[in-house]
Amino acid sequence: MYTIKNLTSPTGHIATETMGVFTVIEHAMDYSVSPAAAQTEYFMSQMNVKRRQVAANLDGSVGLVLQAGAMQWTVGDVHATTGIKGVSDFLGKMVKGAVSKESAVKPEYVGCGLLVTEPTYRYLLLENAADWSGGLVVEDGMFLACESSVRHEIQARASFSSVMTGNEGLFNLKLTGSGACVLESAVPRSEIVEVVLNDDVLKIDGHFAICWSGSLNFTVERSGKTLVGSAASGEGLVNVYRGSGRILLASLASS
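Residues numbered from 1 in each chain as written. Predicted model: local features only at pLDDT ≥ 70, side-chain atom pairs only at ≥ 80, totals over all residues. Heavy atoms only, no water.

**Points about the overall build of the protein**
Counting its secondary structure elements, the protein contains four helices and 16 strands. Out of the 255 residues belonging to the protein, those deemed buried represent 43%. Considering only intrachain contacts with a sequence separation of at least 6, the fraction spanning at least 24 residues in the protein is 79%. On the protein, roughly 12,800 Å² of surface is accessible, and the fraction owed to carbon and sulfur atoms is 56%. (Helix = DSSP H or I, 4+ residues; strand = E, 2+ residues; numbered from the N terminus. Buried < 20%, exposed > 50% of the residue type's maximum accessible area, 1.4 Å probe, protein only. Contact = heavy atoms within 4.5 Å. Areas by Shrake-Rupley, 256 points an atom, 1.4 Å probe, with all protein chains shown as cover.)

Okay, structure coming up:
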């Protein structure tokens, strides 16, 4: 039996969003600073540059998969496993980690209790993998955690053109199935633009898509129908998402 006090509060440590086992905690003001850094920390808080953590309440019915090294503390009967089910599974995870630039083996935490992640200044987004047609494809470095009911797969690019000219890698991590996922974003949700395509096309001049539906076909194409037209438009090549699905754009982030 355990009791936790002061993890959340109405003003200082605010629970901003909950999905599945996850709750996002935002520290409204960071008082644990030196006098020399107090002014900087104050203005950071005014610009919403705050530390955030994820608290996961485990009741034994579902575990969670966490990015390696992201756990800060646990309480209760919570223990970590590798999530590896054999040699073939280990080799598969090594391949997925190598091509997606994510940690090859992510620890899986099971049991009954509470797990809290390391604090981060990045924004934490909660998404349900079941809400994304064909799975949720995420950019490198965005994955933080998910419920163990979510499967980890690899999404390959539709063509090598997207690799050579789209400022993208050959593979991305894709989260499929049903369950809550936690993503780390450089911009808050209030600045993220969501585009929903129904048998249509989205063209982006830059590296602004942070996640998208696995059902979409991603290529890189000329912005105009001809090379001369592309040169005249000043855009050149654009990232193209075609089909039916959703895309989240961090349009105010640096490309």
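Let's pick the thread back up.
**What about the pairing of strand 1 (residues 13–19)?**
Pairing between strand 1 and strand 2 (residues 22–27): six bridges, direction antiparallel. Paired with His13 across the two strands is His27, which belongs to strand 2. A loop of two residues connects strand 1 with strand 2, the two strands running antiparallel in sequence, and Gly20 in this loop sits at a positive phi of about 60°. (Pairing = 2+ DSSP bridges.)

**Thoughts on the packing of aromatic side chains**
Enumeration according to the criterion identifies four aromatic pairs in this entry. By the ring-pair criterion, three or more aromatic residues cluster together here, those being Trp212, Phe218 and Tyr241. When the ring centre of Trp132 is taken as reference, the NZ or CZ atom of Arg246 above it lies at 3.9 Å. (Phe/Tyr/Trp six-rings, centres within 6.5 Å; stacked < 30°, edge-to-face > 60°. Lys NZ or Arg CZ within 6 Å of the ring centre and 35° of its normal.)

**Thoughts on the pattern of salt bridges**
For the structure shown, the criterion picks out eight salt bridges. The salt bridge partner of Glu127 is Arg189, with a shortest N-O separation of 3.1 Å. Of this pair, Glu127 sits in strand 7 (residues 123–128) while Arg189 is found in the loop between strand 12 (180–185) and strand 13 (193–204), placing the two residues 62 residues apart along the sequence. Each of the salt bridges in this network shares a partner with another, and the network as a whole consists of Glu26, Lys50 and Arg52. (Salt bridge = Lys/Arg side-chain N within 4 Å of Asp/Glu carboxyl O.)

**Observations regarding the nonpolar core**
Counting 20 residues, the largest nonpolar core has Leu136, Val138, Leu175, Leu183, Ile210 and Cys211 as its most contacted members. Beyond its immediate stretch of four places on either side in the chain, Ile210 contacts Leu125, Val137, Val138, Glu139, Met142, Ser185, Ile192, Leu248 and Ala250. With 19 residues, the next largest nonpolar core counts Val24, Leu115, Leu124 and Leu126 among its residues. (Core = buried A, V, L, I, M, F, W, Y, C linked by side-chain atoms within 4.5 Å.)

**Comments concerning unusual backbone geometry**
Unusually for a residue other than glycine, Asn6 sits at a positive phi of about 70°. Looking at where Asn6 falls in the secondary structure, it is placed in the segment before strand 1. You will see that Asn48, though not glycine, has its phi angle at about 65°, which is positive. Its location among the elements puts Asn48 in the loop between helix 1 (38–46) and strand 3 (52–59). Residue Asn48 is classed as partly exposed on the basis of its relative accessible area, which comes to 25%.

**Brief notes about the side chain of Glu26**
Mapped onto the elements of the fold, Glu26 is located in strand 2. Setting aside residues up to four positions removed in sequence, Glu26 forms contacts with Gly12, His13, Ile14, Thr16, Asn48, Lys50, Arg51 and Arg52.

**What to know about the confidence of the model for the protein**
Confidence in the prediction for the protein averages 85 pLDDT; 80% of positions are at 70 or higher. Residue range residues 86–91 is modelled with pLDDT below 50. Its contacts to residues more than four positions away, or to other chains, number four contacts. Considering only residues more than four positions removed or in separate chains, one finds that residues 226–234, a stretch of pLDDT under 50, has eight contacts. (pLDDT = per-residue confidence, 0-100.)

**Points about a nonpolar patch on the surface**
On the surface, Met47, Val49 and Tyr121 cluster together into a nonpolar patch covering about 290 Å² of accessible area. Assignment of secondary structure puts Met47 in the loop between helix 1 and strand 3. A residue is classified by how much of its surface remains accessible, and Met47, at 63% relative accessible area, is exposed. (Patch = residues over 30% accessible without salt bridge, like charges linked within 9 Å, V, L, I, M, F, W, Y side chains within 5 Å.)

**Notes on the side chain of Gln53**
Considering the arrangement of structural elements, one finds Gln53 in strand 3. When its relative accessible area of 8% is taken as the criterion, Gln53 is described as buried. Setting aside its immediate chain neighbours within four residues, Gln53 contacts Thr23, Val24, Ile25, His27, Gln72, Val116, Thr117, Glu118, Pro119 and Leu124.

**Considering the environment of Gly206**
The topology assignment puts Gly206 in the loop between strand 13 and strand 14 (209–213). Gly206 gets classed as partly exposed once you look at its relative accessible area, which sits at 25%. With 31 residues separating them along the chain, Gly206 and Leu237 place their C-alpha atoms 9.0 Å apart.

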